[in-house]
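# Fold and geometry: a report
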Amino acid sequence: MYHDRIHLETLLAKAGCVPDPATGAVVSPPYLSTTFERAPDGSYPHGYIYSRHDNPTRHQLEDTLAHLEGGQACAAFASGMAAATALLQALEPGSHVLIPDDVYYGVRNLLENVFTSQGLHYSTANFTDLEAVRAALHPNTRLIWAETPSNPLLKITDLAGLAHLAREAEARLVVDSTWAPPPIQRPLDLGADLVLHSLTKYLSGHSDVMGGALIAREADDFFARIRMIQQTAGAVLDPFSAWLTLRGLRTLAVRLQRQCENARRLAAFLRDHPRVKRVYYPGLPEHPGHEIARRQMRDFGAMLSFEVDGDAAQALAVAAHTRVFMRATSLGGTESLIEHRASIETPPTRTPPNLLRLSIGLEHVDDLLADLSQALED
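Residues numbered from 1 in each chain as written. Predicted model: local features only at pLDDT ≥ 70, side-chain atom pairs only at ≥ 80, totals over all residues. Heavy atoms only, no water.

Below, the discussion takes up the pattern of salt bridges. Per the stated rule, a full pass over the model turns up 19 salt bridges. The salt bridge partner of D366 is R265, with a shortest N-O separation of 3.6 Å. Taken together, the positions of D366 in helix α13 (residues 365–377) and R265 in helix α10 (residues 252–271) put the pair 101 residues apart, joining distant regions of the chain. A salt bridge links R341 to E339; its shortest N-O distance comes to 2.7 Å. With a relative accessible area of 3%, R341 lands in the buried category. On the basis of relative accessible area, E339 is assigned to the buried category, the value being 8%. Linked through salt bridges whose partners overlap, the residues forming this network are E339, R341, E345 and R357. (Salt bridge = Lys/Arg side-chain N within 4 Å of Asp/Glu carboxyl O. Helix = DSSP H or I, 4+ residues; strand = E, 2+ residues; numbered from the N terminus. Buried < 20%, exposed > 50% of the residue type's maximum accessible area, 1.4 Å probe, protein only.)

As structure tokens, this is what we get:
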């Protein structure tokens, strides 16, 4: 296929650039219509019925994301958590889900407060230890949920090894790859069955879109069930957000390149700072997952966390004194963000109270370095 012969960066640069047949416009317009005309015989000659079921702009985004990840199919949702919900809803009652011990707290909350009462079971394991994962598998494990790098401790999971365990257990492997989008990591190439993305983050890239997506290696019966849930339950991505995400994708490769470069500089600076107790960044050679990250990632990402040498109050004080970094939740935008992560996570949280999480943006790296330097000295 044409898509298999060109580089991913070329696919990204042309995301959404399908000339409009009516006008010749190089960039496809957003199709905001909620309904579509029938032919005189009652059929739908253009293939669209109602936008909850399918929409030309959302369809274009889903097709683009599937190609970027090397998958056969994609379903786009109103948020990353809506995508996670549809995936869990697709499991049979009585299924067991294995998650990392440091999984994104929203996923743990979803399982604990919604799905355990609906017949799903879950447990946790240290996903940096494949033998611990093997020991934690149950006879009814149907889904292994990985997140690498993890949020906010940036643990690295060996995806090829985990995929082997999933096949042995006859379970599906889903990878939340929000922190490492396609230019730097493609989990399906490493054996995963599904990839989850919060489109809100790097893929749209400008902190102005809410969305999520599930990409499947195979368009099998399980994905058909996810698609049915998407269309029937209705938590679909709206067409304008799909159009904005396509626009954001066109600069993803160059944005990530700059963001990763900045992150490497900042991680090295923080590692050597006397007020920093520990830095979590897989690009540092001393990171325990560094060698695995080198094998399965093209770069080390633009997220990092660090522990201030002090308590929660001292960490909050550092965040309070930043001037270039903005104090806000989320990540992956053009602006650099700083967050005291334990303050937002619900108990029980595994996040150290003195930890600050950084999302590195596109600002000049010297300004970011100077900002952290003065904030740590105040």
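This part takes up unusual backbone geometry. Here the amide bond leading from T148 into P149 is cis, since omega sits at -5 degrees, within 30 degrees of zero. Along the polypeptide, P149 turns up in the loop between β4 (141–147) and α7 (159–169). The linkage connecting N151 with the following residue, P152, adopts the cis geometry, with an omega of 10 degrees. With respect to the element layout, P152 can be found in the loop between β4 and α7. Positive phi outside glycine occurs at E170, with the angle close to 55 degrees. Mapping E170 onto the fold places it in the loop between α7 and β5 (172–176). Of note, S207 is a non-glycine position whose phi angle comes to about 55 degrees, a positive value. Mapped onto the elements of the fold, S207 is located in the loop between β6 (194–198) and β7 (212–216).

This part is about the environment of M297. Along the chain, the position of M297 falls in the loop between α11 (290–296) and β9 (303–308). On the basis of relative accessible area, M297 is assigned to the buried category, the value being 7%. Along the backbone, M297 and P182 are 115 residues apart, and their C-alpha atoms lie at a distance of 9.5 Å. Not counting the four nearest positions on each side in its chain, M297 is found in contact with P149, I156, A180, I184 and Q185. (Contact = heavy atoms within 4.5 Å.)

The next point concerns empty space enclosed by the protein. Taken as a whole and judged by the stated rule, the model has one cavity of 30 Å³ or more. Taken as a whole, the largest cavity spans an internal volume of roughly 40 Å³. Around the largest cavity sit P100, D102, F127, E147, S150, K155 and T157, which together line it. Here the lining of the largest cavity is built from residues that sort into two nonpolar, two polar and three charged. (1 Å grid on protein atoms, 1.4 Å probe; cavity = no way out; pocket = protein on both sides within 12 Å on 5 of 7 lines; lining within 4 Å. Points joined across faces, edges and corners; volume = space filled by probe spheres on them. Nonpolar A, V, L, I, M, F, W, Y, C, P; charged D, E, K, R; others polar.)

Okay, the nonpolar core next. By size, the foremost hydrophobic cluster in this structure holds 81 residues, and its most contacted members are L65, L249, L304 and F306. In contact with L304, not counting residues within four places along its chain, are L154, A263, L266, A267, L270, Y280, Y281, L356, R357, L358 and I360. Listed in part, the 30 residues of the second largest apolar core include F77, V97, I99 and I229. (Core = buried A, V, L, I, M, F, W, Y, C linked by side-chain atoms within 4.5 Å.)

Turning our eyes to something else, we now look at the packing of helix α3 (residues 56–69) against helix α9 (residues 239–249). Running from N to C, α3 and α9 point in directions that differ by 35 degrees, and their axes come no closer than 8 Å. Between α3 and α9 lies a crossing of left-handed hand. Seen from α3, the contacting residues are T57, R58, Q60, L61, T64, L65 and L68; seen from α9, they are P239, A242, W243, T245, L246 and L249. Across the contact of α3 with α9, the residue classes break down as eight nonpolar, four polar and one charged. (Axes fitted to C-alpha atoms, helices over the stretch in contact; angles between N-to-C directions. Left-handed = near helix turned anticlockwise from the far one by under 90°.)

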